[in-house]
Amino acid sequence: MLGPNGRDSINKSLAMTAASLQPKLHWVVDTHWRVRALAYPLAFFILTLHLWGQGQPALVWVLLGLQLLIYPHLIYWRARRAPDPPQAELHNLLLDSFLFGAWVAWLGFPAFIGFMFFISTAINSAILRGFNGIAWSLALFAVGALLGAALGGWHFYSDESGWVKLLSMVGISGYLLGIGVLAHQRTQVLRHTRSTLRAREAELQALNAALSDRLHQIERLQVELREQAVRDPLTGLFNRRYLQSTLEREWARCQREGVPLCVMLLDIDHFKQVNDRHGHGVGDQVLVRLGQLLLEQSRREDLACRYGGEEFLLLLPGLGADEAYERAQAWRQGFAALDIWVNGARLNLSLSVGVAVAPDHANEPDLLIHQADMALYAAKAQGRNRVVLAEAGRMHP
Ligand SMILES: Nc1nc2c(ncn2[C@@H]2O[C@H](COP(=O)(O)OP(=O)(O)OP(=O)(O)O)[C@@H](O)[C@H]2O)c(=O)[nH]1
């Protein structure tokens, strides 16, 4: 049977698999938030450096603060609550492109800042959606730029200071390297997940194999138990219980086919003396040998049972009275000829047999056995070691 350890193992495995299937916040949403939370304040600093002293109105600083300090958290909050967070994050990336396009146009297309804004959104779209993502990012950036130019006027201001250029390069490099490191970490996580899943799958397969092994064992045991329930443990012949379930069936079959059904009751003569003189072990040996003899000389359709202590019953379908009488004689002689030796002396054994055949001697199954029993009684009464056929015409006990 599957022990407590086996069961624990299955439960643990199922719990781990269930845990790994629990919905978690999608890594894309989480990663992008962390990247934005770091990179956008840096961009704010670079733009502050760039715009400082240009006499920008307060509204510009407010919008810039909103865009670079508040916006990353707002869109993260929105994506987390969306029914499909990864899809919402894709929309966030497109919004990034659009807004940065607008800012870049409004700022007069500063080369380093513009490149920094464009590449930071395009790279994320590329990672998530490949060429398609780049195309969308580019398109939204262009639309944003057109809108920015429409609002702020079409002008070019590419003269960024050395510090702004340097910081923009630091920003771009940091962003790209950060993305590279994240991609690497992601690959590691995926590798680990894959090997964990494989190990778990192998574990489940092993448990599955163990379970089906157990099932086969149980099936085999059930077959054995069923066999044991209908067999006599000493002789291996069928027991009385099995006879009860078979007799009715055989009776009906023989009636249907219009063939006789014979019952033979065999009883070892003076068996008590065998036990008393030579011991129970020798008595058992005699019973086993008689069982073997009956099995060896039976047809496939015959049923040999141990009916009681030293009493055996044979159910012989299709056997008429004459044939049955001859076979009973053969068994009686065969038993008498058995070579069983005890302390250098051969045992002298004999059998008495009562034979009854339906429909000659009985018109129902129980009566058939009773008629065989009566014939056996007569055989004993007539001096034993003989076969007696039931009396025809005596249908009632
Ligand atoms: N060794 C052994 N003896 C058994 C077993 N079952 C019943 N017996 C013995 O079989 C004997 C039957 O004795 P009786 O019914 O007096 O019959 P008998 O001595 O054979 O005499 P008759 O049948 O009249 O010839 C008893 O001594 C039982 O103990 C068994 O499984 N093993």
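What you see is a predicted model, and the numbers here were worked out from it, not measured in a lab.

### Concerning unusual backbone geometry
Part 1: Look at the link from Ala358 to Pro359: it is a cis peptide, with omega at 10°.
Part 2: By the element assignment, Pro359 lies in the loop between strand E6 (351-358) and helix H11 (365-381).
Part 3: The backbone of Phe109 shows a phi angle near 50°, a positive value even though the residue is not glycine.
Part 4: Position of Phe109 among the secondary structure elements: in the loop between helix H4 (85-106) and helix H5 (111-152).
Part 5: A residue is classified by how much of its surface remains accessible, and Phe109, at 23% relative accessible area, is partly exposed.
Part 6: One non-glycine residue, Asn343, lies in the positive phi region at around 50°.
Part 7: Take Asn343: it is sitting in the loop between strand E4 (341-342) and strand E5 (345-346).

### Some words on the pattern of salt bridges
Part 1: Per the counting criterion, the structure on display carries 14 salt bridges.
Part 2: The salt bridge partner of Arg36 is Asp96, with a shortest N-O separation of 2.9 Å. A residue pair is termed long-range when its members are at least 10 positions apart, and Arg36 in helix H2 (residues 27-51) and Asp96 in helix H4 qualify at 60 residues. There is no split in this pair, since Arg36 and Asp96 are both buried.
Part 3: A salt bridge links Glu227 to Arg231; its shortest N-O distance comes to 3.1 Å.
Part 4: You can call Glu227 partly exposed: its relative accessible area is 37%.
Part 5: For Arg231, a relative accessible area of 28% translates into the label partly exposed.
Part 6: Each of Arg299, Glu301, Asp302 and Arg327 takes part in one network of salt bridges that share partners.

### Details of the site of the ligand
Part 1: Phe271, Lys272, Asn275, Asp284 and Arg306 are the nearest of the 16 residues found near the ligand.
Part 2: Residue His280 places a main-chain N or O atom 3.2 Å away from a nitrogen atom belonging to the ligand.
Part 3: With respect to the ligand, the side chain of Asp284 contributes an N or O atom lying 2.7 Å from a nitrogen atom.
Part 4: Protein chains shield 67% of the accessible area of the ligand, which is 660 Å² for the free molecule.
Part 5: Those elements giving two or more residues to the shell around the ligand turn out to be strand E1 (261-268), helix H8 (271-278) and helix H9 (280-296).
Part 6: Considering every element that reaches the shell around the ligand, the biggest residue donor is H9, with four residues.
Part 7: For the shell around the ligand, the per-class residue count stands at three nonpolar, five polar and eight charged.

### Re the UniProt feature "coiled-coil region" (unreviewed entry) in the protein
Part 1: Taking the numbering used here, the UniProt-annotated feature "coiled-coil region" (unreviewed entry) corresponds to residues 201-228.
Part 2: Secondary structure across residues 201-228 comprises 100% helix and 0% strand; the distance between its end C-alpha atoms is 40 Å.

### Quick notes on the sheet that holds strand E2 (residues 303-306)
Hydrogen bonds along the backbone pair up the strands of a sheet, which may run parallel or antiparallel.
Part 1: On the basis of which strands lie adjacent, the open sheet formed by five strands has the order E2-E3-E1-E6-E7 and mixed pairing. In this open sheet, the two edge strands, each paired with only one partner strand, are E2 and strand E7 (387-389). Neighbour-to-neighbour, the strand axes of the sheet open up by a mean angle of 20°, direction not taken into account.
Part 2: The strands that H9 touches are E1, E2, strand E3 (311-317) and E6; relative to E3, the one it contacts most, it runs at about 5°.

### Quick word on the packing of H8 against H9
Part 1: Where H8 contacts H9, the axes come no closer than 6 Å and their chain directions differ by 140°. Looking at the two axes, H8 sits oblique to H9. Of H9, the residues touching H8 (which contributes Phe271, Val274, Asn275 and His278) are His280, Val282, Gly283, Val286 and Leu287.
Part 2: Among the residues forming the contact of H8 with H9, the class breakdown is five nonpolar, four polar and no charged.

### Overview of the confidence of the model for the protein
Part 1: A residue-level look at the protein finds 92% of positions with pLDDT of 70 or above and a mean pLDDT of 90.
Part 2: By mean pLDDT, the top-scoring element of the protein is E1 (98), and the lowest-scoring one is helix H1 (residues 4-21) (57).

### A closer look at empty space enclosed by the protein
Part 1: Applying the stated criterion to the full structure yields one cavity of 30 Å³ or more.
Part 2: Taken as a whole, the largest cavity spans an internal volume of roughly 60 Å³.
Part 3: Considering the residues around the largest cavity, the lining is formed by His32, Val35, Arg36, Tyr40, Leu93, Asp96, Ser120, Thr121, Asn124 and Tyr175.
Part 4: Residue assignment for the lining of the largest cavity shows that the elements contributing at least two residues are H2, H4 and H5.
Part 5: Take the lining of the largest cavity: its biggest share by element is four residues, from H2.
Part 6: In terms of residue class, the lining of the largest cavity is built from four nonpolar, four polar and two charged.

Rules used in this analysis
- Residues numbered from 1 in each chain as written.
- Predicted model: local features only at pLDDT ≥ 70, side-chain atom pairs only at ≥ 80, totals over all residues.
- Heavy atoms only, no water.
- Helix = DSSP H or I, 4+ residues; strand = E, 2+ residues; numbered from the N terminus.
- Buried < 20%, exposed > 50% of the residue type's maximum accessible area, 1.4 Å probe, protein only.
- Salt bridge = Lys/Arg side-chain N within 4 Å of Asp/Glu carboxyl O.
- Near = heavy atom within 4 Å.
- Polar contact = N/O pair within 3.5 Å; in protein donor to acceptor, adjacent residues only side chain to side chain.
- Areas by Shrake-Rupley, 256 points an atom, 1.4 Å probe, with all protein chains shown as cover.
- Nonpolar A, V, L, I, M, F, W, Y, C, P; charged D, E, K, R; others polar.
- UniProt positions renumbered as here; feature names shortened; annotations may be inferred.
- Pairing = 2+ DSSP bridges.
- Axes fitted to C-alpha atoms, helices over the stretch in contact; angles between N-to-C directions.
- Contact = heavy atoms within 4.5 Å.
- Parallel < 35°, antiparallel > 145°, perpendicular 65-115°, else oblique.
- pLDDT = per-residue confidence, 0-100.
- 1 Å grid on protein atoms, 1.4 Å probe; cavity = no way out; pocket = protein on both sides within 12 Å on 5 of 7 lines; lining within 4 Å.
- Points joined across faces, edges and corners; volume = space filled by probe spheres on them.

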